[in-house]
Amino acid sequence: MAIKQRDGFSGKLGIIAAATGSAIGLGNIWRFPYVAGENGGGAFLLLYLIFILLIGIPVMMSEFVIGRRAESNAFGSFRKLAPGTPWWMIGMLGIVAAFVILSFYSTVAGWTLEYIVQAINGTFTGKTHEQLNNNFAEFTSGSFRPLLWQIIFMILTAAVVIAGVKKGIEKYTKVLMPVFIIMIILMCIRSVSLPGASEGLKFLFHPDFSKIFMYDQSFLAQDTIGLFPKINHFFSTINYSIILLALGQAAFSLSIGMGALITYGSYIRKDTPLFSTTVSIASADTLIAILSGVMIFPALMALGGKPDGGAGLVFVTLPAIFQQMPGGYVFAIAFFVLLAVAALTSTISILEVVVAYLKEELNLSRVYATLIGAGSITIIGVFCTLSFGPFKDFTIFGKTFFDLMDYLAANVFLTFGALFIVLFTGWKLGKANFMDEINKGGKIHPTIISVLIFIIKYIAPIAVGAVAIGAFFIKGLT
Ligand code: TRP
């Protein structure tokens with residue numbers, strides 16, 4: 001076989017920048033607050049954090065290990081590491097997931113562009129929370145502008161992906177991400193110092209466990225009832241759907257479960273330590289999600305808003321915060337520009353999964369692969385965008401097309417993707433290969449490795465499996 005010259009990242013900082021850029025995006029700033037807001041705040045946050053640690057980190061590490069070991073795309077990696085077995089289907093699942101995710105992600109990414117323009121035009125100035133709500137509804141329920149922005153965003157994404165890995169992906173991430181983090185921190189400070197902000201902090205940091213466990217105390221306390229009915233009662237009243245949503249959000253936010261990090265992993269140099277890289281990326285991503293909650297909820301509650309505002313939540317609340325800040329006009333422009341960049345560093349990682357696959361498996365050129373991938377995703381994306389307007393009443397399982405794609409992506413594709421990835425690493429790739437890969441670029445303490453292997457082999461698959469069974473078979477689709 002010919003040795004292919006693979007484009008790669010320049011060492012540890014490069015991959016950290018690119019993978020953090022992939023992880024930090026609309027998932028943190030837009031999706032986390034809106035899903036947490038609809039599902040109980042603190043209890044959701046706690047579950048989310050547990051899943052980051054227990055499942056997110058092991059899966060992310062597994063993806064890097066698989067990608068670097070195979071030096072191939074999401075699909076090719078499985079075929080290379082497990083030839084003649086059906087494991088390649090995980091890679092295929094990931095490529096389908098990339099289509100699903102990018103189709104609705106590009107809708108929201110398009111909104112960020114509209115909001116840059118609105119910020120420049122001073123559209124938010126003097127508007128009440130209510131008026132900002134109407135402003136968002138008015139814009140998203142249209143057709144022309146949301147579609148135009150979505151298409152422009154996809155063109156931007158394709159342009160960066162065509163430019164290639166090192167020049168394209170790495171360059172944009174290194175400088176702008178730190179600036180973005182500083183701006184978010186400033187917004188957090190403004191948000192928590194608004195009168196009435198403590199309600200929001202309470203919502204985010206005081207878990208209300210009755211959102212997860214809905215058992216009846218008095219039922220469990222009755223002596224005449226046997227142990228088995230009690231255990232049965234306890235488990236049957238767990239709110240599995242919230243648990244699944246938290247797991248889905250953890251996977252979505254970390255960019256795991258569909259091979260994006262397998263693809264990036266294939267570009268990582270052999271002397272880059274994967275363990276510390278993973279921990280840095282996951283920590284940065286989680287920090288931004290929490291900060292995003294601190295930025296949104298206190299301001300939201302201070303302004304009399306409700307946390308279950310749905311997909312428009314941050315696009316209504318952020319402009320409201322800017323108005324309370326000195327220099328808010330300029331700040332708003334800068335913030336939405338950086339949010340758009342954060343979204344772009346995520347969209348390129350999603351498109352790259354499709355492009356790397358088309359390029360390496362079907363032997364297309366990078367340009368062709370990108371045009372085909374981006375073009376077909378945009379076509380599906382049109383339906384997501386229009387489901388806020390003309391197709392509002394068209395629902396499947398009670399969800400609009402946008403909501404369905406959003407739900408399927410995180411809670412079905414990524415959840416099962418994550419499950420199969422840990423199963424593959426733990427049971428097929430095996431301990432020796434895993435150890436060999438994880439120890440490159442610096443030896444990891446054997447105890448840490450044993451713990452990781454144990455989690456990857458048993459804990460993570462059982463946890464994901466239990467949540468999936470609970471949510472899909474016990475609680476049904478909600
Ligand atoms: N993690 C990104 C965000 O939070 C979205 C994203 C980029 C993603 N690449 C991914 C999600 C791959 C799942 C899989 O905005």
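Okay, so let's go over this structure. (Residues numbered from 1 in each chain as written. Predicted model: local features only at pLDDT ≥ 70, side-chain atom pairs only at ≥ 80, totals over all residues. Heavy atoms only, no water.)

**Topic: the nonpolar core**
If you look at the biggest cluster of nonpolar residues, it comprises 165 residues, and the most contacted ones within it are Trp 30, Met 295, Leu 318, Phe 335 and Phe 336. Of the residues forming this core, the biggest block, 20 residues, is contributed by helix H16 (residues 328–361). Beyond its immediate sequence surroundings of up to four residues, Phe 336 is in contact with Thr 112, Tyr 115, Ile 116, Ala 119, Phe 124, Phe 315, Leu 318, Pro 319 and Phe 322. (Core = buried A, V, L, I, M, F, W, Y, C linked by side-chain atoms within 4.5 Å. Buried < 20%, exposed > 50% of the residue type's maximum accessible area, 1.4 Å probe, protein only. Helix = DSSP H or I, 4+ residues; strand = E, 2+ residues; numbered from the N terminus. Contact = heavy atoms within 4.5 Å.)

**Structural notes on the packing of helix H2 (residues 26–38) against helix H3 (residues 42–70)**
Closest axis-to-axis distance for the H2/H3 pair is 8 Å, and the angle between their directions is 125°. It follows from the interaxial angle that H2 and H3 lie oblique. Helix-helix and strand crossings are classified by hand; for H2 and H3 the assignment is right-handed. Every residue of H3 that contacts H2 at Phe 32, Val 35 and Ala 36 is listed here: Phe 44, Leu 45 and Tyr 48. Split into classes, the residues belonging to the contact of H2 with H3 amount to six nonpolar, no polar and no charged. (Axes fitted to C-alpha atoms, helices over the stretch in contact; angles between N-to-C directions. Parallel < 35°, antiparallel > 145°, perpendicular 65-115°, else oblique. Left-handed = near helix turned anticlockwise from the far one by under 90°. Nonpolar A, V, L, I, M, F, W, Y, C, P; charged D, E, K, R; others polar.)

**Some thoughts on the site of the ligand**
Around the ligand, 17 residues are found, and the nearest of them are Ala 23, Gly 27, Tyr 105, Phe 252 and Ser 255. Here an oxygen atom of the ligand sits 2.8 Å away from a polar atom, N or O, in the main chain of Ala 23. Expressed as a share of its isolated accessible area of 360 Å², the protein-covered part of the ligand is 100%. If you map the ligand onto the pockets, it falls in the largest cavity. Of all the secondary structure elements, the ones that give two or more residues to the shell around the ligand are helix H1 (11–23), H2, helix H5 (88–121), helix H12 (240–254) and H16. For the shell around the ligand, the per-class residue count stands at nine nonpolar, eight polar and no charged. (Near = heavy atom within 4 Å. Polar contact = N/O pair within 3.5 Å; in protein donor to acceptor, adjacent residues only side chain to side chain. Areas by Shrake-Rupley, 256 points an atom, 1.4 Å probe, with all protein chains shown as cover. 1 Å grid on protein atoms, 1.4 Å probe; cavity = no way out; pocket = protein on both sides within 12 Å on 5 of 7 lines; lining within 4 Å. Sits in = over half its atoms within 2 Å of the grid points.)

**Re the layout of surface pockets**
Approximately 690 Å³ is the volume attributed to the largest pocket. Lining the largest pocket are 34 residues, with Tyr 34, Glu 38, Gly 309, Gly 310 and Ala 311 sitting closest to its centre. In terms of residue class, the lining of the largest pocket is built from eleven nonpolar, 15 polar and eight charged. (Points joined across faces, edges and corners; volume = space filled by probe spheres on them.)

**Examining the packing of aromatic side chains**
Under the defined criterion, the tally for this structure stands at 39 aromatic pairs. The interplanar angle of 80° and the centroid separation of 5.3 Å between the aromatic rings of Phe 75 and Tyr 357 together place this pair among those described as edge-to-face. Note that Phe 75 is positioned in helix H4 (residues 74–81) and Tyr 357 in helix H16, a separation of 282 residues in sequence. For the pair Phe 75 and Tyr 357, a shared accessibility class is recorded, and that class is buried. For the pair Phe 383 and Phe 391, a centre-to-centre distance of 6.1 Å together with 20° between the ring planes defines the contact as stacked. The ring of Tyr 407 carries the charged tip of Lys 399 above its face, separated from the ring centre by 4.7 Å. Between Lys 457 and the ring centre of Trp 427, over which it is positioned, the NZ or CZ distance is 4.6 Å. (Phe/Tyr/Trp six-rings, centres within 6.5 Å; stacked < 30°, edge-to-face > 60°. Lys NZ or Arg CZ within 6 Å of the ring centre and 35° of its normal.)

**Considerations on the side chain of Gln 118**
The residue Gln 118 is located in helix H5 in this model. Exposure remark for Gln 118: the relative accessible area of 6% places this residue in the buried category. Ignoring sequence-local partners within four residues, the contact set of Gln 118 consists of Thr 123, Phe 124, Asn 135 and Phe 139.

**What to know about a nonpolar patch on the surface**
Where nonpolar side chains cluster on the molecular surface, the patch consists of Ile 379, Phe 383, Phe 391, Phe 394, Ile 396 and Phe 397 and spans about 620 Å² of accessible area. Take Phe 383: it is sitting in helix H17 (residues 366–386). (Patch = residues over 30% accessible without salt bridge, like charges linked within 9 Å, V, L, I, M, F, W, Y side chains within 5 Å. Salt bridge = Lys/Arg side-chain N within 4 Å of Asp/Glu carboxyl O.)

**Regarding unusual backbone geometry**
A positive phi is found at Glu 71, a non-glycine position, where the angle reads about 50°. Structurally, Glu 71 is set in the loop between H3 and H4. With phi around 60°, Asn 363 is a residue other than glycine that occupies positive phi space. For Asn 363, the position within the fold is in the loop between H16 and H17.

**Observations concerning empty space enclosed by the protein**
The final tally for this structure, using the stated rule, is four cavities of 30 Å³ or more. Within this model, the largest cavity holds a volume of roughly 140 Å³. Around the largest cavity, the lining is made up of 16 residues, and of these Ser 22, Ile 101, Phe 252, Ser 255 and Ile 350 lie nearest the centre. Counting residues per element, the ones that place at least two in the lining of the largest cavity are H1, H5, H12 and H16. Partitioned by chemical class, the residues of the lining of the largest cavity number ten nonpolar, six polar and no charged.

**As for the packing of helix H7 (residues 144–163) against H17**
Pairs of packed helices are described in terms of their axes, by the angle between the two and the distance that separates them. Put simply, H7 and H17 touch, their axes get as near as 10 Å, and they point 160° apart. In terms of orientation, H7 lies roughly antiparallel with respect to H17. For the pair H7 and H17, the crossing hand works out as right-handed. Along the contact surface, H7 presents Pro 146, Leu 147, Gln 150, Ile 151, Met 154, Ala 158, Val 161 and Ile 162, while H17 presents Arg 366, Val 367, Thr 370, Ala 374, Ile 377, Thr 378, Gly 381, Val 382, Thr 385 and Leu 386.

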